[in-house]
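Chain and residue survey
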Amino acid sequence: MSDLQSNDLIIGIDLGTTHSLVGVVDSGFPILLADSDGRRLTPSVVHYPVNGEVIVGTPAARMRAVAPGRTVASVKRLMGRRRGDLEASDLDDLGFSVKSGDGDWAEIAVDKNTRLKPEEVSADILRHLRSVAESALEVEPGSIQRAVITVPAYFNDGQRNATKRAGELAGLKVERILNEPTAAALAFGLDKLDENARVAVYDFGGGTFDLSILEMRDGVFQVIATDGDTRLGGDDIDAALANFFRETLDLPDNLSLEQQATLLAESRRTKEALSHAESVVIRLPFFHEGKSWERVVSRDEFEKVARPIIDRTRPHCLRALGAAGLIDSTGSGPGLNPVVSGLDRVILVGGSSRIPMVRELVERTFGMTPDLSQHPDEAVALGAAIQAGILCGRVRNVVLLDVTPLSLGIETFGGLMNVIIPRNTTIPAKAGELFTNAVANQEMMLVRVLQGEREMAKDNWELGQVEVAFSPGPKGSARVGVQFSIDENGILNVLTRDTATGRDQVLEIRDAAVDVDDEQVEAMISESVDHAFDDMNERIWTEAKLKSDELLPAVDRALAAAGDALNEAELATIREAADAVRAAVEVPSRDAARLKKANQALDEATEALAAIIVERAMEKALGSSLGE
Ligand code: ADP
Ligand code: MG
């Protein structure tokens, strides 16, 4: 399983009134996680059986018709709220009983002896989502311990704290409580819009409608206006459609609770199908006293039923636009539509936004085509996953254009990669270094421009090369400057200069420096991690080998020049140390640590010899100056 293992993983959760979802960033991409049945949307329903384990999600939703009193749905409406503040409309058709607890906080009584706080019910949903994530990611149960959870923008402190407590009860550290519209904007990639960009988020869910207007300031979204109706959503459309069927199919009045639930579920299925199909057949086989019903419903018929409900979202849009100062009062558009000005984008969120008629209403009201690039019912969860990914550092390559995705450098002595501009440097960027000739009488130097994270040049990608000519001289006498600069368009210029002559050469490398395929970047980085140990050993070896290559001839020269000043024992020590270096160089397994040690020992053994050479050189210098 890719790069997801450790407990530093943070999951993103859309804890919705009707549905909840969980997601995560994997290899740089946000994904939503499905349960074992392949479902990404978990109904936010919890069933508390008389005996046995709590049931969450789809099987719990089925229990609503059978045991409504023990089945808690839409618990989000009760989060952080006092019993006395709840309105009749918050409570009707809940199906279970809501009591007043300590401090008048709302509590759910699933039976005489069992009272549950709303956050305890939410915690059961969160626990379930966590286990969905753990199985989908194939990690140990209980290993996911951190989460980002979304809430409506209008949630007050109490409601946000209750949500946080729900997370903690589920054993999750809540790293951030994120506004739903902000999460949606992240999912649509609107964080890449300019500073001061304004976006409207139209969120039409199962039981709530929220309109938020966000403005991007200092790189973060701020909610500048919200409006909506906490009792308006797809459920209302289901109910209206069920009534339509009762009338047009002439269904009996005395339907049982279960029959009502079946009719409602069938209405909902019909509604959802009509978002794609022009007509759908509703079927109620053996529905009542052995009788069956069946009828074709067209999109037109559906729209007549749904229109009054969908139209109710419009005044909220207008109010929020007005509050944000985005309605141009000097003119009016076609029909009764206002002129909206200063709004950059409108995005659709929530399952009910899948209805084509909703899209038309949004287009008319806002005077612009909504952005349909994401699934409306998945956007909030995707955004939560992205935020979670940002918090745990998993979203690194999202912004590719303004940073270097991989390190840039050149090959130096021994085939090593010498990094000049490290990976993730913001562009434009400029950096350089001075290089010298490795051997005497060298006449030119080949500058190979490399990209990648590996220690050895050969394992990185070559972007180009230049030959720099210079006048021959002893080792280390040439001075070649290499400067890399990347401009804001991602063009890399490599400038080489022979400092003796001042002669410049420029190599231009287009695109390659910044424009790398995400997958290749991922592959390069994971390879560099996989090979980190070997690569490091290789680098230390190469450096040690370069040192030995320098040291051994130098020692031979020193012995020839001043060996006579040392006694036999001293000479033997030096010869032994030199042999040890030669032996270490020969070891086929390339033991870098051994070679480094041998070099060091040789260095130490020749200290006295080096001192004598320096002394003699000084005497000579003094003598000759005296002699003049
Ligand atoms: P919430 O955020 O309130 O939990 P969701 O965003 O999950 O709600 O929206 C749930 C609602 O979306 C339900 O009423 C469901 O019937 C409706 N819905 C889902 N898919 C479709 C569809 N294809 N067409 C119309 N409505 C849909
Ligand atoms: Mg929602």
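Residues numbered from 1 in each chain as written. Chains lettered and ligands numbered in written order. Predicted model: local features only at pLDDT ≥ 70, side-chain atom pairs only at ≥ 80, totals over all residues. Heavy atoms only, no water.

In the region of ligand 1, 18 residues are neighbours, and Thr18, His19, Lys271, Glu272 and Ser275 sit closest. Thr17 places a polar main-chain atom, nitrogen or oxygen, 3.3 Å from an oxygen atom of ligand 1. The separation between an oxygen atom of ligand 1 and a polar main-chain atom of Ser352 is 3.2 Å. Contact with the protein chains covers 92% of the free accessible surface of ligand 1, which is 580 Å². Secondary-structure elements contributing two or more residues to the shell around ligand 1 are helix 6 (234-248) and helix 7 (257-273). Top element by residues in the shell around ligand 1 is helix 7. It accounts for three residues. (Near = heavy atom within 4 Å. Polar contact = N/O pair within 3.5 Å; in protein donor to acceptor, adjacent residues only side chain to side chain. Areas by Shrake-Rupley, 256 points an atom, 1.4 Å probe, with all protein chains shown as cover. Helix = DSSP H or I, 4+ residues; strand = E, 2+ residues; numbered from the N terminus.)

Moving on: the packing of helix 3 (residues 118-137) against helix 4 (residues 157-169). Closest axis-to-axis distance for the helix 3/helix 4 pair is 8 Å, and the angle between their directions is 55°. Here helix 4 runs oblique to helix 3, going by the angle between their axes. Note on packing geometry: the crossing formed by helix 3 with helix 4 is right-handed. Between helix 3 and helix 4, the contacting residues are Glu119, Glu120, Ser122, Ala123, Leu126 and Arg127 on the first element and Ala162, Arg165, Ala166, Gly167 and Leu169 on the second. Residues belonging to the contact of helix 3 with helix 4 are distributed by class as follows: five nonpolar, two polar and four charged. (Axes fitted to C-alpha atoms, helices over the stretch in contact; angles between N-to-C directions. Parallel < 35°, antiparallel > 145°, perpendicular 65-115°, else oblique. Left-handed = near helix turned anticlockwise from the far one by under 90°. Contact = heavy atoms within 4.5 Å. Nonpolar A, V, L, I, M, F, W, Y, C, P; charged D, E, K, R; others polar.)

Quick look at unusual backbone geometry now. Positive phi values are uncommon outside glycine, yet Glu138 reaches one of about 55°. Along the chain, the position of Glu138 falls in the loop between helix 3 and strand 11 (146-151). Of note in the backbone geometry, Asn441 takes a positive phi value of approximately 60° without being a glycine. Examined against the element boundaries, Asn441 turns out to sit in the loop between strand 23 (429-435) and strand 24 (444-451).

Let us look at the sheet that holds strand 15 (residues 220-229). Pairing in this open sheet of four strands is mixed, and the strands run 15-14-13-20 from one edge to the other. Bordering the open sheet on either side are strand 15 and strand 20 (345-349), each of which pairs with just one other strand. Within the sheet, the average angular offset between the axes of one strand and its neighbour, ignoring direction, is 20°. Where helix 5 (residues 180-187) meets the sheet, its contacts fall on strand 13 (198-204), strand 14 (209-217), strand 15 and strand 20, and the angle it forms with strand 14 comes to roughly 65°. (Pairing = 2+ DSSP bridges.)

A few words now on helix 10 (residues 356-366). Within the sequence span of helix 10, burial applies to Pro356, Met357, Val358, Leu361, Val362, Thr365 and Phe366. The inward-facing, buried residues of helix 10 abut strand 13, strand 14, helix 8 (299-311), helix 9 (314-323), strand 19 (338-340) and strand 20. (Buried < 20%, exposed > 50% of the residue type's maximum accessible area, 1.4 Å probe, protein only.)

In this structure the tally under the stated criterion is 33 salt bridges. One salt bridge in this structure joins Glu301 and Arg295, with 2.7 Å as the shortest N-O distance. Residue Glu301 is classed as partly exposed on the basis of its relative accessible area of 25%. One salt bridge connects Arg345 with Asp371, and the closest N-O pair in it is separated by 3.2 Å. In this pair, Arg345 sits in strand 20 while Asp371 sits in the loop between helix 10 and helix 11 (379-391), placing the two residues 26 residues apart along the sequence. Given the relative accessible area of 29%, Arg345 is considered partly exposed. Overlapping salt bridges, with partners in common, bring together Asp35, Asp37 and Arg39 in one network. (Salt bridge = Lys/Arg side-chain N within 4 Å of Asp/Glu carboxyl O.)

With that settled, the discussion passes to the domain arrangement of the chain. Per the domain assignment, the segments of the chain are domain 1 (3-179), domain 2 (189-232 + 312-373), domain 3 (234-309), domain 4 (402-530) and domain 5 (533-625). One C-alpha centre belongs to domain 1, the other to domain 2; they are set 28 Å apart. Domain 1 puts 11 residues into the contact, and the matching count from domain 2 is nine residues. Roughly 760 Å² of surface becomes buried between domain 1 and domain 2 when both sides are summed, with 45% attributable to carbon and sulfur atoms. Of all residues in domain 1, Arg77, Ala153 and Tyr154 give up the largest surface area on contact with domain 2, accounting jointly for 57% of the area buried on that side. At the junction of domain 1 with domain 2, the criterion picks out three residue pairs in polar contact (both at pLDDT 80 or more). Here the side of domain 1 that touches domain 2 is built from residues that sort into three nonpolar, four polar and four charged. (Domains from an automatic or database assignment. Buried area = accessible area lost by both parts, 1.4 Å probe.)

Bringing the packing of aromatic side chains into the picture now. All told, the structure shown has six aromatic pairs when counted by the stated rule. Consider the rings of Tyr202 and Phe204, whose centres lie 6.3 Å apart with planes at 80°: the pair is edge-to-face. For Tyr202, a relative accessible area of 0% gives the class buried. Grouped by ring-pair contacts, the aromatic residues Tyr202, Phe204 and Phe209 constitute a single cluster. (Phe/Tyr/Trp six-rings, centres within 6.5 Å; stacked < 30°, edge-to-face > 60°.)

Here seven bridges tie strand 16 (residues 279-288) to strand 17 (residues 291-298), and the two strands are oriented antiparallel to one another. Each bridged residue has a counterpart across the sheet, and for Leu284 the counterpart in strand 17 is Trp293. Here strand 16 folds back onto strand 17 in antiparallel fashion, the turn holding two residues, of which Glu289 has a positive phi close to 50°.

Next up on the list: the environment of Lys475. Position of Lys475 among the secondary structure elements: in the loop between strand 25 (461-469) and strand 26 (480-486). The partly exposed category is assigned to Lys475, whose relative accessible area is 44%. As for Lys475 and Ala438, which are separated by 37 residues in sequence, their C-alpha atoms are 5.7 Å apart. Excluding its chain neighbours within four sequence positions, the residues that come into contact with Lys475 are Asn437, Ala438, Val439, Ala440 and Glu550. One polar contact links Lys475 to Glu550, side chain to side chain, over a distance of 3.2 Å.

This paragraph deals with the sheet that holds strand 26. Spatially, the four strands line up as an open sheet ordered 23-26-27-28, and their pairing is antiparallel. Every interior strand has two partners, whereas the edge strands, strand 23 and strand 28 (503-509), have only one. Neighbouring strand axes in the sheet, compared pairwise and without regard to direction, differ in orientation by 15° on average.

Once that is clear, we can look at the side chain of Glu107. Counting through the fold element by element, Glu107 comes out in strand 9 (residues 106-109). Residue classification places Glu107 among the buried residues on the basis of a relative accessible area of 13%. The residues contacting Glu107, other than those within four sequence positions of it, are Ser97, Val98, Lys99, Gly101, Asp102, Arg115, Leu116 and Lys117.

Let us look at the environment of Gln374. Take Gln374: it is sitting in the loop between helix 10 and helix 11. Separated by 354 residues in the primary sequence, Gln374 and Ser20 have C-alpha atoms spaced 17 Å apart.

To continue, consider helix 12 (residues 518-530). With 13 residues, helix 12 should reach 18 Å at 1.5 Å per residue; the first-to-last C-alpha distance of 18 Å fits that figure. Those residues of helix 12 not exposed but buried are Val521, Glu522, Met524, Ile525 and Ser528. End-on, the buried residues of helix 12 take up no more than an arc of 165°, which puts them together on one face. Set apart from the buried face of helix 12 by more than 90 degrees, the exposed residues are Glu519 and Asp530. Contacts from the buried residues of helix 12 go to strand 24, strand 25 and helix 13 (532-562). (Expected span 1.5 Å × (residues − 1). Arc of directions from axis to C-beta.)

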